[in-house]
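Residue strings, one per chain:
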Amino acid sequence: MAGEEENGQDGYTQDGTVDLKGNPILRSKRGGWTACSFVVVYEVFERMAYYGISSNLIIYLTKKLHQGTVEAANNVTNWVGTIWMTPILGAYVADALLGRYWTFLIASAIYLLGMSMLTLAVSVHGLKPPHCVDPNIANCKKANTLQLAVFFGALYTLALGTGGTKPNISTIGADQFDEFDPKEKAHKLSFFNWWMFSIFLGTLFANTVLVYIQDTVGWTLGYGLPTAGLAISIMIFLAGTRFYRHKKPTGSPFTKMAKVIVASLRKWKVTVPTDPKELYELHLQEYTKKGKYRIDSTPSLRFLNKACVKTDSTSPWMLCSVTQVEETKQMLRMIPILIATFIPSTMIAQINTLFVKQGTTLNRHVVGNFNIPPASLKSPIQ
């Protein structure tokens with residue numbers, strides 16, 4: 001009976017998740033929807049914070065820092081591009097060194113620091129150029145070196161912080177459901193639905209309420225609220241710490257991929273056997289105790305199968321398991337998809353820059369003294 005209970009609903013998780021001290025955990029005590037509720041609510045406030053800055057950034061750069069439209073648009077796209085590149089570093093640190101939880105917390109502190117610096121940069125008079133009412137920006141006093149350094153230093157500090165939070169928070173949420181339990185596996189799919197809904201709520205609030213406050217009330221409050229929202233989101237995440245399941249760092253996936261590619265190249269003359277059972281593979285128990293699945297060999301990208309052909313050498317740079325080879329194949333198959341996103345990404349980049357700037361030239365009057373903020377015009381798109 002005890003064995004049945006351990007393998008049942010109240011037993012230990014089978015996917016390798018542990019507590020912060022590395023101990024096995026009972027499925028009924030941690031994870032599930034209780035833990036994910038903190039993660040989902042966190043994401044609402046965090047997305048509100050991020051889009052509260054990015055949605056209206058082009059307006060601040062042109063109207064307050066007195067930059068030209070082309071220069072401001074380049075600065076916005078460079079910053080957004082950095083935002084989407086730093087997660088590679090954050091994912092590496094989490095997988096190879098610190099784990100998702102601690103990487104996330106350190107990155108959150110950096111993120112909050114950047115947001116706080118940004119709020120100061122738009123609030124302190126000495127950190128921004130004097131107000132200018134001349135419609136010709138060329139006649140307005142430009143921001144000096146110190147003012148630009150503080151503002152963009154804050155922006156890129158924020159970008160570094162998001163690099164550690166963006167790739168880890170969604171995976172932390174996914175870790176709360178055991179892939180080896182059919183019921184929890186189904187719940188994981190539902191989690192991602194709620195995850196996307198939380199992103200939508202945070203983005204909608206930022207693109208409507210926050211940008212209106214920035215345009216009509218002031219940038220101090222308009223940036224202060226997202227900063228406060230981020231601080232609240234971090235506290236919400238910390239409040240759920242005792243409920244979370246964690247996965248130990250498993251090493252860099254880039255290193256594992258490199259081993260497969262190097263092994264394949266070094267054994268390029270080796271013939272791949274027709275029977276997949278002759279290829280090198282770890283025992284099923286090796287995967288079971290780590291909470292992983294063993295993957296069968298596939299004929300696609302057959303050249304990489306040379307990495308798991310048995311030879312005299314057992315070096316990890318000469319012999320890889322079938323599962324490791326298949327995982328590498330899965331990653332390589334993503335490259336065409338990544339390349340295919342370049343063109344639509346280039347188009348989408350115009351939404352936060354030229355699209356918003358064009359909105360300033362439109363008649364946005366609705367009723368009374370209310371004018372739709374230019375950044376709100378893209379809300380249906382995002």
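Residues numbered from 1 in each chain as written. Predicted model: local features only at pLDDT ≥ 70, side-chain atom pairs only at ≥ 80, totals over all residues. Heavy atoms only, no water.

Peer 1: Looking at this model, I keep getting lost on the packing of aromatic side chains. Mind explaining?
Peer 2: The geometry of two aromatic rings is summed up by the distance between their centres and the angle between their planes. Enumeration over the complete set of coordinates arrives at 22 aromatic pairs. Both rings, one in Tyr60 and one in Tyr223, keep their centres 6.1 Å apart while their planes meet at 35 degrees; by these two values the pair is tilted. Of the two residues, Tyr60 sits in helix H3 (residues 57–63) while Tyr223 sits in helix H8 (residues 219–239), which places them 163 residues apart along the sequence. Tyr60 gets classed as buried once you look at its relative accessible area, which sits at 1%. Through a chain of ring-to-ring contacts, the aromatic side chains of Tyr42, Tyr101, Trp102, Phe104, Phe237 and Tyr244 assemble into a single cluster. Just above the ring of Tyr50 sits the side chain of Lys166; from NZ or CZ to the centre is 5.5 Å. When the ring centre of Trp84 is taken as origin, the NZ or CZ atom of Lys166, which lies over that ring, is 4.5 Å away. (Phe/Tyr/Trp six-rings, centres within 6.5 Å; stacked < 30°, edge-to-face > 60°. Helix = DSSP H or I, 4+ residues; strand = E, 2+ residues; numbered from the N terminus. Buried < 20%, exposed > 50% of the residue type's maximum accessible area, 1.4 Å probe, protein only. Lys NZ or Arg CZ within 6 Å of the ring centre and 35° of its normal.)

Peer 1: Any chance you could explain the confidence of the model for the protein here in plain terms?
Peer 2: Parts of the model with low pLDDT should not have their predicted coordinates read in detail. Residues with a pLDDT of 70 or more make up 97% of the protein, whose mean pLDDT is 89. By mean pLDDT, the top-scoring element of the protein is helix H5 (residues 100–123) (96), and the lowest-scoring one is helix H1 (residues 2–7) (44). (pLDDT = per-residue confidence, 0-100.)

Peer 1: Is there a simple way to explain the state of the cysteines in this structure?
Peer 2: Simply put, disulfide is the name for a covalent bond between the sulfur atoms of two cysteines. By the definition in use, this model includes 1 disulfide. Here Cys132 connects covalently by a disulfide to Cys140, the sulfurs 2.0 Å from one another. With the S-S dihedral at roughly -70 degrees, the linkage between Cys132 and Cys140 falls on the left-handed side. The exposure class of Cys132 is partly exposed, given its relative accessible area of 22%. (Disulfide = S-S within 2.5 Å.)

Peer 1: Just checking my understanding: could you explain the environment of Gln350 for this structure?
Peer 2: Inspection of the secondary structure puts Gln350 in the loop between helix H12 (342–348) and helix H13 (351–359). Residue Gln350 is classed as partly exposed on the basis of its relative accessible area, which comes to 33%. Sequence separation between Gln350 and Val76 is 274 residues, and the spatial gap between their C-alpha atoms is 9.9 Å. At a separation of 2.9 Å, a polar atom in the side chain of Gln350 contacts the main-chain carbonyl oxygen of Thr346. (Polar contact = N/O pair within 3.5 Å; in protein donor to acceptor, adjacent residues only side chain to side chain.)

Peer 1: I tried to follow the side chain of Thr103 on my own but got confused; where do I start?
Peer 2: Within the secondary structure layout, Thr103 lies in helix H5. Thr103 has contacts with Gly90, Val93, Ala94, Leu98, Gly164 and Asn168, leaving out every residue within four places of it along the chain. (Contact = heavy atoms within 4.5 Å.)

Peer 1: Can you walk me through the nonpolar core in this structure?
Peer 2: One recurring pattern in soluble globular proteins is that nonpolar side chains are buried together. Of all hydrophobic cores here, the largest spans 38 residues; its most connected members are Leu57, Leu61, Trp79, Leu118, Phe151, Leu155 and Tyr223. Those residues in contact with Leu118 that lie beyond four places of it in its chain are Ile53, Phe151, Ala154, Leu155, Leu158 and Tyr223. Core analysis: the second largest hydrophobic core is formed by 17 residues, Cys36, Ile172, Ile199 and Tyr244 among them. (Core = buried A, V, L, I, M, F, W, Y, C linked by side-chain atoms within 4.5 Å.)

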